Amino acid sequence: MGRIFLILFVLLAAAAGAAYSAFNMQAEQYKDRFIEGTFINDMNVGNMTAAEVEAVIRDRVENYSLDLIFEGNVRETLSMEDIGFAYESDNKVVEILSSQNKNDWIRAKFGETSSYTVGENYIYDEEKLRSALMNLPEMKEENQTQPTDAHMAMGEDHRLTIIPETDGNAIDPEPVYEALKKAVEEGQREVDVTSLGVYSHAKVRADDEALNLQVNDLNTYLDVVVTYKLYDGSEKVLDKDTTYKWLSVKEDDPDYYYFNVDVVYDKCVKYIAKLAKKYDYSYDTITFHTTLQGDKSYPVELSGHIIDQAEEAKALYQQILSRTSAEREPLYSVSTDRDGSFGGTYVEVDIEAQHVWFYQNGACVWDSDCVSGTGTDEDRETPKGIFDIYTKETDRTLKGAPDPVTKKPSYESFVHYWMPFYEGCGLHDATWRSDFGGDIYISGGSHGCVNLPFSKAESLYGLVEVGTPVIVH
């Protein structure tokens, strides 16, 4: 019985020893390998050496590349070589292997697992990254177009248009570089450059409200047409072919036109001055062709057409400010026309010949002998010069100056037809006379008036009008 028990004991001891030996042998193989069920960075590394795990991590890291997406969905790739990218072990894998209990292999047989995380450490060269970025075609200045703002342009028709903006493809490199650094450091493999807001875009676009208001207002100004009607029947047109030059342009922006009120006023002043220089004329004597004595010169008040430059410049400026077209006759400081022909219609009184003519449209339609003012009395002489009939009356009693003593008029004469041309002197009938012409006037003349036979005065009264020139010589 004891012998049997001994044999059984020996057999059990042998079996236990064999089992222990087998356990140790199994455990020994995990001396330099990871036990099954071990995970590092979510990777099953069971039965792998530390070197093998490092190799897998290195391979995974060093297959790194970075894609950049530009406008137009253009994709560029930076390889690890481009940026000096490389794996750098921190020995954490070896430390994990060294710290494992090789005898824990048995637990793994029953499904127990262990998980670890190590840094997938790497390095990169920032200067290489910058250089690689800047060498991409999209980042080179010669391949980039700077944006241009929408702006005004003066057309050949001298009206303004809006040239639309262009956004170009210029890129601000610094934000892109910073985004790449962040992507590399975080292991990202793609950067959408279009989402970084690095493209330079036009600040002023064609639909800009202020730009459109400015262009519309200036075109309204340019569309103003001022037509000057000159005294000689000619016209002078002021329009955008001239006024477009009156717009101002910003010194720092040659594409920006604006209306400078001071400049435009100055241009109006100069325009009117130029108009006056061309069309103004004046004179203070005229030459009259007499019926019997040839040409005679007569002094007259300043006559002709002289533009009132100051007032007309103001008027033109206001016209332009109102943005309305118009026909204008210039404002004149002098506007009389006595060219010596008097339009062919006038009364001529020849003192020496004691005769009167009425010319109408250049033809003599009436004439008569007369008696003018007394030639031997300066106070009673008929005034010589150029005058106008300033009124017409019938049945008028003419009175002389009152006597200082009696206060009675020096004379009273009733006339049927009264046509005064200078103060108390005029053309009229003189029924108290039977003779006219000759040398009566020398000592028996009038008090300064031009006496006419009744029938002649009557017919002349029906021909002349208020304003008809009277030339006495």
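Whatever comes next refers back to the structure up there.
A brief look at the structure comes next.

## Describing the overall build of the protein chain
Then, number 1: Within the protein chain one finds 13 helices and 27 strands.
Then, number 2: The C-alpha radius of gyration of the protein chain comes to 59 Å, more than 25% above the 23 Å expected for a compact globule of 473 residues.
Then, number 3: Principal-axis analysis of the C-alpha atoms gives the protein chain an extent of 205 × 40 × 35 Å.
Then, number 4: The burial tally for the protein chain puts 37% of its 473 residues in the buried class.
Then, number 5: Put simply, of all contacts in the protein chain between residues at least 6 apart along the chain, 65% involve residues at least 24 apart.
Then, number 6: Carbon and sulfur atoms make up 49% of the accessible area of the protein chain, which totals about 26,400 Å².
Then, number 7: Measuring between centres, the 43 positive side-chain charges of the protein chain sit 4 Å from its 83 negative side-chain charges.

## Some details on the nonpolar core
Then, number 1: In terms of nonpolar packing, the biggest core is built from 30 residues, with L160, Y228, W246, L247, I272, L316 and I320 touching the most fellow members.
Then, number 2: Within the residue set of this core, elements represented by two or more residues are α8 (209-222), β11 (226-229), α10 (261-279) and α11 (309-321).
Then, number 3: Among the elements that make up this core, the one with the highest residue count is α10 (seven residues).
Then, number 4: Among the nonpolar cores identified, the runner-up in size contains 26 residues, and V349, V371, I389 and Y461 belong to it.

## With respect to the packing of aromatic side chains
Then, number 1: Under the definition given, this model contains 17 aromatic pairs.
Then, number 2: Ring geometry for Y417 and F454: centres 5.8 Å apart, planes at 50°, overall tilted. Of this pair, Y417 sits in strand β24 (residues 412-422) while F454 sits in helix α13 (residues 454-463), and the two are 37 residues apart along the sequence.
Then, number 3: Given the relative accessible area of 14%, Y417 is considered buried.
Then, number 4: Judged by relative accessible area, which is 34%, F454 ranks as partly exposed.
Then, number 5: Through pairs of rings, three or more aromatic residues link up here, namely F288, Y298, F342, Y346 and Y359.
Then, number 6: K250 extends its terminal NZ or CZ atom over the ring of Y256, reaching a point 4.3 Å from the ring centre.
Then, number 7: Directly above the aromatic system of F259 lies the positively charged group of R323, at a separation of 4.8 Å from the ring centroid.

## Looking at the environment of E141
Then, number 1: Here E141 is to be found in the loop between α6 (126-134) and β8 (151-154).
Then, number 2: Residues E141 and N169, 28 residues apart in the sequence, show an inter-C-alpha distance of 9.9 Å.

## Examining the pairing of strand β4 (residues 74-79)
Then, number 1: By the bridge criterion, six bridges tie strand β3 (residues 65-70) to β4 in an arrangement that is antiparallel. Bridge assignment links F70 to a residue of β4, and that residue is V74.
Then, number 2: The hairpin formed by β3 and β4 contains three residues between the paired strands, and G72 there has a positive phi angle of roughly 80°.

## Observations regarding the packing of α6 against helix α7 (residues 173-185)
Then, number 1: Following both chains from N to C, one finds α6 and α7 inclined at 130°, their axes separated by 10 Å at the closest point. The angle between the axes of α6 and α7 places the two elements in the oblique class. Crossing angle aside, the handedness with which α6 passes α7 is right-handed. Residues E126, L129, R130, L133 and M134 of α6 pack against P173, E174, V176, Y177, L180 and K181 of α7.
Then, number 2: Residue composition of the contact of α6 with α7, by class: seven nonpolar, no polar and four charged.

## Overview of the sheet that holds β4
Then, number 1: One open sheet accounts for three strands, arranged β4-β3-β10; its pairing is mixed. A single partner strand is all that each edge strand has here, and the edge strands are β4 and β10 (190-192). Across the sheet, the mean angle separating the axes of adjacent strands is 20° when strand polarity is ignored.
Then, number 2: Across the sheet, α7 is in contact with β3, β4 and β10; its angle to β3 comes to roughly 145°.

Criteria and thresholds
Residues numbered from 1 in each chain as written. Predicted model: local features only at pLDDT ≥ 70, side-chain atom pairs only at ≥ 80, totals over all residues. Heavy atoms only, no water. Helix = DSSP H or I, 4+ residues; strand = E, 2+ residues; numbered from the N terminus. Rg over C-alpha atoms; globule rule 2.2 N^0.38 Å. Buried < 20%, exposed > 50% of the residue type's maximum accessible area, 1.4 Å probe, protein only. Contact = heavy atoms within 4.5 Å. Areas by Shrake-Rupley, 256 points an atom, 1.4 Å probe, with all protein chains shown as cover. Lys, Arg positive; Asp, Glu negative; His and termini not counted. Charge placed at Lys NZ, Arg CZ, Asp CG, Glu CD. Core = buried A, V, L, I, M, F, W, Y, C linked by side-chain atoms within 4.5 Å. Phe/Tyr/Trp six-rings, centres within 6.5 Å; stacked < 30°, edge-to-face > 60°. Lys NZ or Arg CZ within 6 Å of the ring centre and 35° of its normal. Pairing = 2+ DSSP bridges. Axes fitted to C-alpha atoms, helices over the stretch in contact; angles between N-to-C directions. Parallel < 35°, antiparallel > 145°, perpendicular 65-115°, else oblique. Left-handed = near helix turned anticlockwise from the far one by under 90°. Nonpolar A, V, L, I, M, F, W, Y, C, P; charged D, E, K, R; others polar.

These figures come from the coordinates and say nothing about function on their own.
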